[in-house]
There are 4 protein chains.
Amino acid sequence: MLDQLREHCGVFGVFGAPEAANLTYLGIHALQHRGQESAGIVASDGTLLRDHCAAGLVADVFDKPILASLKGESAIGHVRYSTAGGSHPRNAQPLIARGAEGSLAIAHNGNLVNAAQLRARLEKAGSLFQTDTDTESILHLIARSPNSDLLERIGDAVRQLQGSFSLLMLTEKMLIGVRDPLGLRPLVLGRVNESYALASETCALDLIEAEYLREIEPGEMVVIDQHGLRSLRPLGPARPARCIFELVYFARPDSLLFGRSVYQVRKESGRRLAKEHPAPADLVIPVPDSGSPAAVGYAEASGLPFDFGLIRGHYMGRTFIEPQHSIRHLGVKLKLSAVAPLLRGKRVAVVDDSIVRGTTSRKLVTMLRAAGAREVHLRISSPPTTWPCYLGIDTPTREELIASAHGVEEIARFVTADSLGYLSLDGLRQAAGGESGWCDACFSGRYPIEIPPSSESLRTGREDGSES
Amino acid sequence: MLDQLREHCGVFGVFGAPEAANLTYLGIHALQHRGQESAGIVASDGTLLRDHCAAGLVADVFDKPILASLKGESAIGHVRYSTAGGSHPRNAQPLIARGAEGSLAIAHNGNLVNAAQLRARLEKAGSLFQTDTDTESILHLIARSPNSDLLERIGDAVRQLQGSFSLLMLTEKMLIGVRDPLGLRPLVLGRVNESYALASETCALDLIEAEYLREIEPGEMVVIDQHGLRSLRPLGPARPARCIFELVYFARPDSLLFGRSVYQVRKESGRRLAKEHPAPADLVIPVPDSGSPAAVGYAEASGLPFDFGLIRGHYMGRTFIEPQHSIRHLGVKLKLSAVAPLLRGKRVAVVDDSIVRGTTSRKLVTMLRAAGAREVHLRISSPPTTWPCYLGIDTPTREELIASAHGVEEIARFVTADSLGYLSLDGLRQAAGGESGWCDACFSGRYPIEIPPSSESLRTGREDGSES
Amino acid sequence: MLDQLREHCGVFGVFGAPEAANLTYLGIHALQHRGQESAGIVASDGTLLRDHCAAGLVADVFDKPILASLKGESAIGHVRYSTAGGSHPRNAQPLIARGAEGSLAIAHNGNLVNAAQLRARLEKAGSLFQTDTDTESILHLIARSPNSDLLERIGDAVRQLQGSFSLLMLTEKMLIGVRDPLGLRPLVLGRVNESYALASETCALDLIEAEYLREIEPGEMVVIDQHGLRSLRPLGPARPARCIFELVYFARPDSLLFGRSVYQVRKESGRRLAKEHPAPADLVIPVPDSGSPAAVGYAEASGLPFDFGLIRGHYMGRTFIEPQHSIRHLGVKLKLSAVAPLLRGKRVAVVDDSIVRGTTSRKLVTMLRAAGAREVHLRISSPPTTWPCYLGIDTPTREELIASAHGVEEIARFVTADSLGYLSLDGLRQAAGGESGWCDACFSGRYPIEIPPSSESLRTGREDGSES
Amino acid sequence: MLDQLREHCGVFGVFGAPEAANLTYLGIHALQHRGQESAGIVASDGTLLRDHCAAGLVADVFDKPILASLKGESAIGHVRYSTAGGSHPRNAQPLIARGAEGSLAIAHNGNLVNAAQLRARLEKAGSLFQTDTDTESILHLIARSPNSDLLERIGDAVRQLQGSFSLLMLTEKMLIGVRDPLGLRPLVLGRVNESYALASETCALDLIEAEYLREIEPGEMVVIDQHGLRSLRPLGPARPARCIFELVYFARPDSLLFGRSVYQVRKESGRRLAKEHPAPADLVIPVPDSGSPAAVGYAEASGLPFDFGLIRGHYMGRTFIEPQHSIRHLGVKLKLSAVAPLLRGKRVAVVDDSIVRGTTSRKLVTMLRAAGAREVHLRISSPPTTWPCYLGIDTPTREELIASAHGVEEIARFVTADSLGYLSLDGLRQAAGGESGWCDACFSGRYPIEIPPSSESLRTGREDGSES
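Residues numbered from 1 in each chain as written. Chains lettered and ligands numbered in written order. Predicted model: local features only at pLDDT ≥ 70, side-chain atom pairs only at ≥ 80, totals over all residues. Heavy atoms only, no water.

1. Considerations on the relation of the copies chain A and chain D
Then comes step 1: When chain A is brought onto chain D, the operation consists of a screw motion whose angular component is 179 degrees and whose axial shift is 0.0 Å, with 0.0 Å RMSD remaining. The two molecules are tied by a two-fold rotation axis, judged by turn and shift. Minimal C-alpha separation from the rotation axis in chain A is found for Ser127 of chain A, amounting to 3.1 Å.
Then comes step 2: When you check the interface residues of chain A against chain D, 100% turn up at the interface there too, and the contact is symmetric in its surfaces. (Least-squares fit on C-alpha atoms with pLDDT ≥ 70 in both. Contact = heavy atoms within 4.5 Å.)

Here you go:
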């Protein structure tokens, strides 16, 4: 509803730790920003996998008796966001395959671009699907591998996948983590006492007081069991293409991601933005909280005073009632309110992380003017978002992205700002700490792997999928 | 659980507006920070009062069918916080008295210090109480008044009350607002189209796009019906004593309160704090979000850079599961996390609004040091909190207030800060815009009315109540 | 919905027994037939009354944790049926008055005919009512009594009541039972080990393996405390008028009521009915289960074979979904189904306990004919129901009672029976074991006390209430 | 808990009828006695299958909005009972396989004796199972059939099944019914207006006012689509072996089953029982309601008077709370209560349908003596139950069946009856209307198909399964 891009998922796992389910609960709670639709945990006590998954926030899905029932010293967890069509409870993860020779649970952050092809091939061969997820195909591929060794079966399966995947798998005796060869989505390794933990972001390690060890490498598979940790390479080498948008918006600012401080990258983006696009303003304010680090950097580099002209509400809730006699911009006003006495008569530079459709920015600018701002100069700490993501982030179709068909001047007019400035792609790469190694397709249109037409048509809603 | 003071309640009412229940829903949603335990709305369609009250947040207590059932063009609403002993659902407000000659609903923000005496007298006379609230006594006093005119009956009742009360009352045909003679708790009047609205704070008017007209005066009673608005004076004149702590912490920063901008008062407190207690620091960070305006003022006045060294989580939830093998300071860590790359090796000035028991401050300082801060200088934008409140704010007993028995040096040692500075009471009054007219008993011990011993013993848990 | 008369309530109490709440749960479960809308229990542990009341069946309202929370060795419970208008949860019983000098819980089976007058008087004096029940007036009368002794206060109160009342009251230290001077509704005393129990019917005593001692006498008050049982007489003597309809339909057949076996009274009614109205039939079938005892008596006295031509469903549920394309008589068919192979070509005597509106009887006769019955002779084991009850039983208005305006011949035509016979009032009295001592106003119109016009208009829906 | 045998399931389906989901709701409601653990409906609107399944009774699982969401003119439904281990919600039926070429829903009454073998084979080939049901194997067999035509794929699948199965399947365009070659479980065909309906018993047809046409033949497959009804024979001919216990106990007495009136078969069993085992009694009473038809037959043939000495409670609930200070036989007493005034001093012949473990019979005899019966003569309208069922009925292990190791005299002593008589197997067959064509393995040990050792060990809990 709100005008934002959203991450698909977050994953967390731990092996060999007392109260594994409790730690996993905290781990996915710390990753809640990566998915708010459903949450699930599978735990192993060495002989049996027990699971609980349901729609809702982590704090609502689990309570003490449920966590107590998830016995054992190993567990994986998942939080999930999904598009409307796929929010059926049966799609909640982790998924479990239970067979005579043992069970395998799987939690997936990412998106397979050859999902439709894989599924068609498997269904033709007689596999029955219980969910609408691309993740389930991975389980079927493992089940149908001719190999007898589980790790080889997993290798067989993941070599058939195209797209982004940071996977956690749990059997009665093992925790396995796999990251796609491009390293599109993050996955980190930590240690808590004698145990290992795997997580999408370091903020999950921090909460449980685990020590951050390193990223799982693109293309790497780690296997953790009672003998310790082994690193395997079932997937051939590739040129990494880490998602730069994780740094711009998705990841939590207190996380280290891809070895970088998310907060510092964002603040540096703000500094560079001030150099590229100075503003004739009396003060700099963020769109809280996502624009805050860049706004601090912008204020610092520009020498303008930083202030809070927009206040973020603490009780937005997930749902609200709108009077029929409509209140203008109610959605935005429930989230943010303006501090009129501060803004009255001022020229304001407002810093936000990105513009998707432009509708929210337009409401914010209107709200600031209604509160008395004399001029509103909008500054965006990333380049124009012009291309949809097929690799794990929920974006609108290309048609809905305002920057795909409109220049900066036009967008400025649409959002009614006195001026508008975007950080350059080069500036963002510099702020992120390196020229190359990024997937920046949402800004550049250069996808690191070929996107099958079916994926495109999925996004555009057109049969031919010929949007480019 | 967390180490905070809490407001008891918030109230909102509207008369003569289509979709009154929907507007009231939004109004109390905007006042959610004043009470998170229960919420309730009573609506009138001119002949019948309909109500819905339940434990929980506004967004959880109400849904579309419930709001649709609350028919009519007038409504009052209430959000409530209460101490553990009194959180029984039957105490949810608004309360309703239904009689042969009509019904009267009442919503109360404040605390009566002669509640026990009133109740004892009424019970002896045969009144049956259904709740544990002091508010119910007001209904019984109205019911037993010998007068036949309702407004006179209300006058009879409120003249017997001692303490703080901002009251909203609703009958089938009238909306009534009353504020105690000291004006301890806020109450404002607004206009939305042809209708009047009453609210604890202006942020509730802003959300429904109502125009702010004025405060209800201390001791004033306003009566709104089909003929318009009348102002009555059932309560004699008194020297106002508005709660200064509303400005320090409780009220939303975007509200106008007692005619002042809450945000600007807090920022000015920060500025004065910087003058009174400069810090040898490399950067200024707030304890978000309540310390943010003062931190901006502090940075501005001190010339030190402002930054975000603590990140506030968006998904705290209301409940969490703590592993038995305890994680240190989990409660605080679920709420706030430190940005280590920013803090490493730095001398940090941390700005917060107040210290209650000191335990949270101690955890925060520890967390900042663990994240690498070299020195931590704690600055508090209000004076030491030394006395409990009996007038509508939930405070611990005097014994639990760290500043009641400890000097600033001792507190600094307890919270392990390198230095600690509190804003002076005079500084706070200046920031609030005036020398006098305040209740600042929590800082000064000078209560604007006599506190009966029973109220004190209630707080201290001692029979004699002789704590001073 | 179904065409039945319904009892208003059932009560149960126990004093001085371990697990008093569990015993009370079983007691009101055994009395479930006397009220299915709400259930409640109040327990005392000697110093505190704890309660749980909710809408629903006993087995749904209570679970193990709830019962475990109702601590103590004394408890009273209540099951309730109410008319649609009064089914608000706040009306669930037992009601509790909590005061400085202790608490008093009350559970009431019966109906006060001067309820409106009492309430008007109390409201005028400033009493606030929280429920729509006549029972609450009793609490207010007790609270306002000038006496200081509780038993005298109760005496003051009950002497002001007109109508039917079997009352149980519980304080922290006492269990009290009171029965109205006419003894309209039942109330029995039992002993379980060293403890006393009070119940509407003996079936509740049987379930908990209590020994039946005796009826509470009309006009008697029993007080049970740690010193044992005392019998008081706060109410003057009157000519008893026990409700004969309890024997005809309401009470459970395995109960002893008013000292008589309900089953044997019904079977004897069937025998007398066979003598008064023989039928030219091939077999006798009951309308199960309420018509079963009388049908056995009818078969026995007539010499005709007894059989089951109608089968009662075990899973009626409380609610069902009716297709828009209506199935005829779905409500009756969900409850009863006909055994066509048995009925085909037969002349059938069908025995039921009473006819209210006639609509259900009509559907049953139709169903029997559709199943192949050649002739249907309807026999009713009580006289025509011609007058509404104001004394504790839910009856339709006089207009809706088919027998109030139609003779037996007309009713037979309406229900499409080949013949119809009612037991005479004299026959019923003989079956019940005595000429006099009954309230049989529903058959005779001779009410044992004066019915105020307001009660009548309540039933008839007319202002003047002048139906007689 | 109670000492009864239980049916596994009931099925209902309808094709081409407006409000198909509503009719199916009524159909499975009428079959509620065949399964009380979970209920489910799948409906087709011609292009999409929609489903709702959940644990609980039909009336609790569905409500108006849910039924309204199950759009379309075709539907199948299922009620289920399962053993404790298998009551996980994911096992609720109907199951659905959704594939690229359409979906297939399946509802199953019966039990496959080669379920373990089928599942092992399918898992080895890479099929992933989502439930613990034998029914899911049927879906996998259909998915893996090399044929392209759905009906041939179904034929391939059902030819691999051994055991009992009355199956309903629904696709977007078709309703299919299949009955195993032995005809172990019932399945009937009806017509409602222009539509066809399939059901386990005729009572489901009666409730929706459908006309009964015929049984689906053993080994027959009927296919209903827009062109009408076709009968296929995918399964070779076999000697029918209909379950005689359906007639003794499971089926509703108002149903026609296997072309016979269940009620008349039971009554005739009672008549023959009276001849085989007369009793020196003063009256005949049934154990209601299952023993009622046989008791009427017994009374008729013996010339003894029939009466109700045991009353069945109407509000048993599904769960109850037992006081720690145990009440003897509480479970039975919540279900049945004795009418002491009738039984006192009498010699009573009690008629029940069967004895499983003997514990309930023992409690009943004790209860009758406690109510005053002088002699208790127990008569059972079927032969001793000596062998477990592997073909769709939940029975205890052989060890738990009292008659498997004890003679009639011993059982009489155990249940403390003055005498005990069972109907002979020949007598039961005569009452059922024929010498042959029955599965009476529970009485005779002669199973109509070979039972694999794995099935037996499942029941007996022993590894070798060599119980015979």
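2. Observations concerning the packing of helix α9 (residues 262-276) of chain C against helix α16 (residues 425-432) of chain C
Residue and element names in this part refer to chain C.
Then comes step 1: At a minimum axis separation of 8 Å, α9 and α16 run at an interaxial angle of 145 degrees. Remark: the crossing between α9 and α16 carries right-handed chirality. Contact residues: Val265, Glu268, Ser269, Arg272 and Glu276 in α9; Gly427, Leu428, Gln430, Ala431 and Ala432 in α16.
Then comes step 2: Residue classes in the contact of α9 with α16 are distributed as 4 nonpolar, 3 polar and 3 charged. (Axes fitted to C-alpha atoms, helices over the stretch in contact; angles between N-to-C directions. Helix = DSSP H or I, 4+ residues; strand = E, 2+ residues; numbered from the N terminus. Left-handed = near helix turned anticlockwise from the far one by under 90°. Nonpolar A, V, L, I, M, F, W, Y, C, P; charged D, E, K, R; others polar.)

3. Quick look at the interface of chain A and chain D
Then comes step 1: Of the residues lining the interface, 17 residues belong to chain A; the matching set on chain D comes to 17 residues.
Then comes step 2: It is Arg98, Leu128 and Gln130 of chain A that lose the most area in chain A upon contact with chain D, and together they represent 37% of the buried surface on that side.
Then comes step 3: Applying the counting criterion to the chain A and chain D interface returns 0 salt bridges.
Then comes step 4: The tally of links from chain A across to chain D stands at 0 residue pairs in polar contact (both at pLDDT 80 or more).
Then comes step 5: Secondary-structure elements contributing two or more residues to the side of chain A that touches chain D are β6 (95-99) and α5 (135-144) of chain A.
Then comes step 6: Here the element with the most residues in the side of chain A that touches chain D is α5 of chain A; it accounts for 5 residues.
Then comes step 7: Its residues placed into classes, the side of chain A that touches chain D shows 8 nonpolar, 4 polar and 5 charged. (Buried area = accessible area lost by both parts, 1.4 Å probe. Salt bridge = Lys/Arg side-chain N within 4 Å of Asp/Glu carboxyl O. Polar contact = N/O pair within 3.5 Å; in protein donor to acceptor, adjacent residues only side chain to side chain.)

4. Here we look at the relation of the copies chain C and chain D
Comparison of the two chain copies shows a relationship of rotation about an axis with a shift along it.
Then comes step 1: Structural alignment of chain C on chain D gives an RMSD of 0.0 Å, achieved by rotating through 180 degrees and translating 0.0 Å along the axis.
Then comes step 2: Here 100% of the interface residues in chain C have copies in chain D that are interface residues too; the copies meet face to matching face.

5. Side note on the packing of aromatic side chains
Then comes step 1: Here the structure, examined in full by the defined rule, presents 40 aromatic pairs over all chains.
Then comes step 2: Arranged with centres 5.4 Å apart and planes meeting at 45 degrees, the rings of Tyr390 of chain D and Tyr447 of chain D form a pair that is tilted. Of this pair, Tyr390 of chain D sits in the loop between β22 (375-380) and β23 (393-394) while Tyr447 of chain D sits in the loop between α17 (441-444) and α18 (453-460), and the two are 57 residues apart along the sequence.
Then comes step 3: Owing to a relative accessible area of 2%, Tyr390 of chain D belongs among the buried residues under this scheme.
Then comes step 4: Through pairs of rings, three or more aromatic residues link up here, namely Phe245, Tyr249, Phe250 and Phe443 of chain A.
Then comes step 5: Sitting above the plane of the Phe414 of chain B ring, Arg362 of chain B keeps its charged end 4.7 Å from the centroid. (Phe/Tyr/Trp six-rings, centres within 6.5 Å; stacked < 30°, edge-to-face > 60°. Buried < 20%, exposed > 50% of the residue type's maximum accessible area, 1.4 Å probe, protein only. Lys NZ or Arg CZ within 6 Å of the ring centre and 35° of its normal.)

6. A closer look at the side chain of Thr202 of chain B
Then comes step 1: Positionally, Thr202 of chain B belongs in helix α7 (residues 202-207).
Then comes step 2: Apart from residues lying up to four places away in sequence, Thr202 of chain B is in contact with Val188, Tyr212, Asp254, Ser255 and Leu256 of chain B.

7. What about the nonpolar core?
Then comes step 1: Counting 155 residues, the largest nonpolar core has Phe245 and Phe306 of chain C together with Phe245 and Phe306 of chain D as the members making the most contacts within it.
Then comes step 2: Val348 and Leu378 of chain A together with Ile285 and Ala373 of chain B belong to the second-largest nonpolar core, a separate cluster that totals 154 residues. (Core = buried A, V, L, I, M, F, W, Y, C linked by side-chain atoms within 4.5 Å.)

8. Digging into the interface of chain C and chain D
Then comes step 1: Opposite the 56 residues of chain C that make contact, chain D presents 56 residues.
Then comes step 2: Both faces combined, the contact of chain C with chain D buries some 4,700 Å², and carbon together with sulfur accounts for 63% of it.
Then comes step 3: Linking chain C to chain D there are 4 salt bridges.
Then comes step 4: Taking the shortest distance from any N to any O, the salt bridge between Lys333 of chain D and Glu209 of chain C comes out at 3.0 Å.
Then comes step 5: Linking chain C with chain D are 20 residue pairs in polar contact (both at pLDDT 80 or more), by the criterion used here.
Then comes step 6: The greatest single-element share of the side of chain C that touches chain D, amounting to 5 residues, is contributed by helix α1 (residues 20-30) of chain C.
Then comes step 7: Among the residues forming the side of chain C that touches chain D, the class breakdown is 27 nonpolar, 15 polar and 14 charged.

9. Quick look at the sheet that holds strand β7 (residues 102-112) of chain C
Residue and element names in this part refer to chain C.
Then comes step 1: Ordered in space as β6-β7-β8-β9-β13-β14, the 6 strands form an open sheet in which the pairing is antiparallel. Strand pairing shows two members of the sheet lacking a second neighbour, β6 (95-99) and β14 (228-232), which therefore form its edges. For this sheet, the mean angle separating the axes of adjacent strands, direction not counted, is 20 degrees.
Then comes step 2: Alignment of β6 against β7, held across 5 bridges, turns out to be antiparallel. From the neighbouring strand, Leu95 faces β7, where its bridge partner is Ile106. (Pairing = 2+ DSSP bridges.)

10. Digging into the pattern of salt bridges
Opposite charge on two side chains permits pairing when their charged atoms draw close.
Then comes step 1: A complete count under the given rule lists 88 salt bridges over all chains for this structure.
Then comes step 2: In this structure, the salt-bridge partner of Lys267 of chain D is Asp307 of chain C, at a minimum N-O distance of 2.2 Å. Taken together, the positions of Lys267 of chain D in helix α9 (residues 262-276) and Asp307 of chain C in the loop between α10 (292-302) and β19 (310-312) put the pair across two chains. Asp307 of chain C matches Lys267 of chain D in its accessibility class, with the two residues each being buried.
Then comes step 3: One salt bridge in this structure joins Arg159 of chain D and Asp156 of chain D, with 3.1 Å as the shortest N-O distance.
Then comes step 4: Looking at Arg159 of chain D, the relative accessible area reads 48%, which means it is partly exposed.
Then comes step 5: Among the charged side chains, a salt-bridge network with shared partners connects Lys267, Glu268, Arg271, Arg272 and Glu300 of chain A together with Asp307 of chain B.

11. Comments concerning the pairing of strand β4 (residues 49-55) of chain C
All names here are of chain C.
Then comes step 1: Judged from the 7 bridges that link them, strand β3 (residues 38-44) and β4 form a sheet pairing that is antiparallel. Looking at the pairing, Gly40 lines up with Cys53 of β4.
Then comes step 2: What sits between β3 and β4 in their antiparallel hairpin is a turn of 4 residues, with Gly46 showing a positive phi close to 100 degrees.

12. Section: the packing of helix α5 (residues 135-144) of chain C against helix α6 (residues 150-158) of chain C
All names here are of chain C.
Then comes step 1: Running from N to C, α5 and α6 point in directions that differ by 125 degrees, and their axes come no closer than 8 Å. With respect to α6, the axis of α5 lies oblique. For the element pair α5 and α6, the recorded crossing hand is right-handed. Only Leu150, Arg153, Ile154 and Ala157 of α6 make contact with α5, whose side of the interface consists of Ile138, Leu141, Ile142 and Ala143. (Parallel < 35°, antiparallel > 145°, perpendicular 65-115°, else oblique.)

13. A few points about unusual backbone geometry
Then comes step 1: The peptide bond linking Gln93 of chain A to Pro94 of chain A adopts the cis configuration, its omega dihedral lying at -5 degrees.
Then comes step 2: Cis geometry is found at the peptide bond from Pro288 of chain B to Asp289 of chain B, where omega equals -10 degrees.
Then comes step 3: With respect to the helices, strands and loops of the structure, Asp289 of chain B is situated in the loop between β18 (283-286) and α10 (292-302).
Then comes step 4: Despite not being glycine, Phe258 of chain A shows a phi value in the positive range, around 50 degrees.
Then comes step 5: Tracing the backbone shows Phe258 of chain A in the loop between β16 (256-257) and β17 (260-261).
Then comes step 6: With a phi close to 60 degrees, Glu209 of chain B is a non-glycine residue in the positive phi region.
Then comes step 7: Note that Glu209 of chain B resides in the loop between α7 and β12 (211-215).

14. Observations regarding the arrangement of the chains
Then comes step 1: Nothing in chain A touches chain C; the tightest C-alpha to C-alpha distance between them is still 14 Å.
Then comes step 2: Nothing in chain B touches chain D, and the closest approach of their C-alpha atoms is 14 Å.

15. Quick look at the sheet that holds strand β7 (residues 102-112) of chain D
Residues and elements named next belong to chain D.
Then comes step 1: Spatial strand order, β6-β7-β8-β9-β13-β14: 6 strands in an open sheet with antiparallel pairing. The open sheet terminates on both sides in strands that have one partner only, identified here as β6 (95-99) and β14 (228-232). This sheet shows a mean twist of 15 degrees between the axes of neighbouring strands, independent of strand direction.
Then comes step 2: Examined bridge by bridge, strand β8 (residues 163-170) and strand β9 (residues 175-179) share 5 bridges and lie antiparallel to one another. Paired with Leu170 across the two strands is Leu175, which belongs to β9.

16. A closer look at the confidence of the model for chain A
Then comes step 1: Predicted confidence across chain A gives a mean pLDDT of 91, with 91% of residues reaching 70 or more.
Then comes step 2: What the predictor reports for the complex is a pTM of 0.85 with an ipTM of 0.91. (pLDDT = per-residue confidence, 0-100.)

17. Some words on helix α4 (residues 115-124) of chain B
Then comes step 1: Among the residues of α4 of chain B, Ala115, Leu118, Arg119, Leu122 and Glu123 of chain B are the ones counted as buried. One face of α4 of chain B carries all of its buried residues, which in axial projection span an arc of 125 degrees.
Then comes step 2: Those residues of α4 of chain B hidden inside the fold are in contact with β7 (102-112) and α5 (135-144) of chain B together with β6 of chain C.
Then comes step 3: Gly126 of chain B lies just past α4 of chain B and shows a positive phi near 100 degrees. (Arc of directions from axis to C-beta.)

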